[in-house]
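An overview of the molecular structure
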Amino acid sequence: MKSPRERIIETTFQLFARQGYNSTGINQIISEAEVAKASFYQYFKSKEDLCVEFLNVRHDYWFNELNIFLAKEKDAKSKTIKAFDFLVYMNEKESFRGCSFLNILSEIPMDNSKILSVIQSHKADLRNFFLELLNDDELSDHIYMLFESSIIESQLFKSNELIVKSKKIVTNLIQ
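A brief structural summary.

Considering the overall build of the protein chain
Secondary structure assignment for the protein chain yields nine helices and zero strands. The order of α-helices and β-strands along the protein chain, N terminus first, is α-α-α-α-α-α-α-α-α. For 175 residues, the compact-globule estimate of 2.2 N^0.38 gives 16 Å, and the C-alpha radius of gyration of the protein chain, at 17 Å, lies within 12% of that figure. Counting only C-alpha atoms and orienting by the principal axes, one finds that the protein chain spans roughly 55 × 30 × 30 Å. Looking at the protein chain residue by residue over its 175 residues, the buried ones come to 44%. Expressed as a percentage of contacts within the protein chain between residues at least 6 apart in sequence, the contacts between residues at least 24 apart total 65%.

Observations concerning helix 7 (residues 113-134)
Spacing of three or four residues puts side chains on the same side of an α-helix, whose turn is 3.6 residues. The end-to-end C-alpha distance of helix 7 is 31 Å, a good match for the 32 Å that 22 residues give at a rise of 1.5 Å each. Every buried residue of helix 7 is listed here: Ile115, Leu116, Val118, Ile119, His122, Lys123, Leu126, Phe129, Phe130, Leu133 and Leu134. Buried residues in helix 7 make contact with helix 4 (47-70), helix 5 (76-94), helix 6 (100-105), helix 8 (137-157) and helix 9 (161-174). Once helix 7 finishes, Asn135 follows within two positions and takes phi at roughly 50°, a positive value.

Points about the side chain of Thr24
With respect to the helices and strands, the residue Thr24 is situated in the loop between helix 1 (4-19) and helix 2 (26-33). Among the residues examined, Thr24 registers a relative accessible area of 1% and is labelled buried. A distance of 2.7 Å separates the side chain of Thr24 from the backbone oxygen of Gly20, its partner in a polar contact.

Things to note about unusual backbone geometry
The residue Glu34 is not glycine, and still its phi comes out positive at about 55°. For Asn135, which is not glycine, the phi dihedral falls at a positive 50°. Note that Asn135 resides in the loop between helix 7 and helix 8.

So, the nonpolar core
Nonpolar side chains in soluble globular proteins generally cluster together in the buried interior. Core analysis: the largest hydrophobic core is formed by 38 residues, its most contacted members being Leu55, Trp62, Ile104, Ile115 and Phe147. The greatest single-element share of this core, amounting to nine residues, is contributed by helix 7. Sequence-distant contacts of Ile104, defined by excluding residues within four places in its chain, comprise Phe16, Tyr21, Cys51, Phe54, Leu55, Ile115 and Ile119. Grouped together as the second largest cluster of nonpolar side chains are 11 residues, Ile26, Ile29, Ile30 and Phe44 included.

Quick notes on the packing of helix 7 against helix 8
Put simply, helix 7 and helix 8 touch, their axes get as near as 8 Å, and they point 130° apart. Our classification of the angle between helix 7 and helix 8 gives oblique. Remark: the crossing between helix 7 and helix 8 carries right-handed chirality. Each of Lys123, Leu126, Arg127, Phe130, Leu131 and Leu134 in helix 7 lies in contact with helix 8, whose residues at this interface are Asp137, Leu139, Ser140, Asp141, Ile143, Tyr144, Phe147 and Glu148. Among the residues making up the contact of helix 7 with helix 8, the classes are represented as eight nonpolar, one polar and five charged.

Conventions used here
- What you see as residue numbers is a count from 1 along each chain, following the sequence as written.
- Under the rules for a predicted model, residues below a pLDDT of 70 receive no local features and side-chain atom pairs below 80 are neither given nor counted, while totals for whole chains, interfaces and linings still include all residues.
- Side-chain metrics rest on all non-hydrogen atoms present in the structure, leaving aside hydrogens and water.
- Each helix corresponds to a stretch of at least 4 residues labelled H or I by DSSP, and each strand to a stretch of at least 2 residues labelled E; elements are numbered beginning at the N terminus.
- The size measure is the radius of gyration over C-alpha atoms, and the globule rule it meets is 2.2 Å times the number of residues to the 0.38 power.
- For every residue, the accessible area (1.4 Å probe, protein chains only) is compared with the maximum for its type, and the residue is labelled buried under 20%, exposed over 50%, or partly exposed between those bounds.
- Working rule for contacts: check all heavy atoms of both residues, and any pair within 4.5 Å makes them a contact.
- Given a helix with a known number of residues, its expected span is that number minus one, times 1.5 Å.
- Counting of polar contacts relies on pairs of N or O atoms within 3.5 Å, with two restrictions inside protein: one atom must be capable of donating a hydrogen and the other of accepting it, and residues adjacent in sequence are counted only when both atoms are side-chain atoms.
- Each nonpolar core is a collection of buried residues, namely Ala, Val, Leu, Ile, Met, Phe, Trp, Tyr and Cys, held together in the definition by side-chain atoms within 4.5 Å.
- Under this scheme, a helix contributes an axis fitted over its contacting stretch, all axes are lines through C-alpha atoms, and angles between N-to-C directions fall in the 0 to 180 degree range.
- Roughly parallel means an angle under 35 degrees; roughly antiparallel, over 145; roughly perpendicular, 65 to 115; everything else is oblique.
- Here a crossing is called left-handed whenever its near helix is offset anticlockwise from the far helix by less than a right angle, and right-handed whenever the offset is clockwise.
- Each residue is assigned to one class: nonpolar for Ala, Val, Leu, Ile, Met, Phe, Trp, Tyr, Cys and Pro, charged for Asp, Glu, Lys and Arg, and polar for all the others, Gly among them.

Pasting the structure below:
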C-alpha cells in the first residue's frame, strides 16, 4: 500500500499530464489521491511546494530511467546516440506526454523563481550529462539542443520521426 505522500505525488503526475498545472486544483488532488486534507498539508504547504516536490521526484525518476536504459552501453559515443532511443522509449511508455518540466514552464509566470529554479536545474543537469559524456562544450551543447527539440517536436506531432532524424545527425556529428 502506498503512503499518502506517494499517492499525492502519483496523482499529481497523472493530473498534471492530463490537465496541466494551472487546471489542477489541490482539492482534486486530495480527492483523487484519497487522502485527507490534513495529510496533504502535512506534506505540502501549497500547490507550488507540491509542484517543486513533483519536479524533484520526476527529475530523479527520469535520470534513473535514463541511466538504466544506457547501462549496457560501453562508451560515451554509444551512450549519447542511445540517449535518443531513450526518448522513443519514454514516448511509448508515456504516450508522448513530453517533458514535465517544459510543460509546467509553459504554465507558470516567469517570476515564479521557486518552480523556475527547479526546471533550470533539471535542464542544467541534462546539459551537463552530455558534457560529461563528450567532454566537448560545443558538441555537447549541440547534442543537448537536438535532444531538447526532439522532445518538444515529438510531443507536438505525437511522432518519433524527428527523434530518429536527430539520432542520425548526432551519429554523424560524433563519428
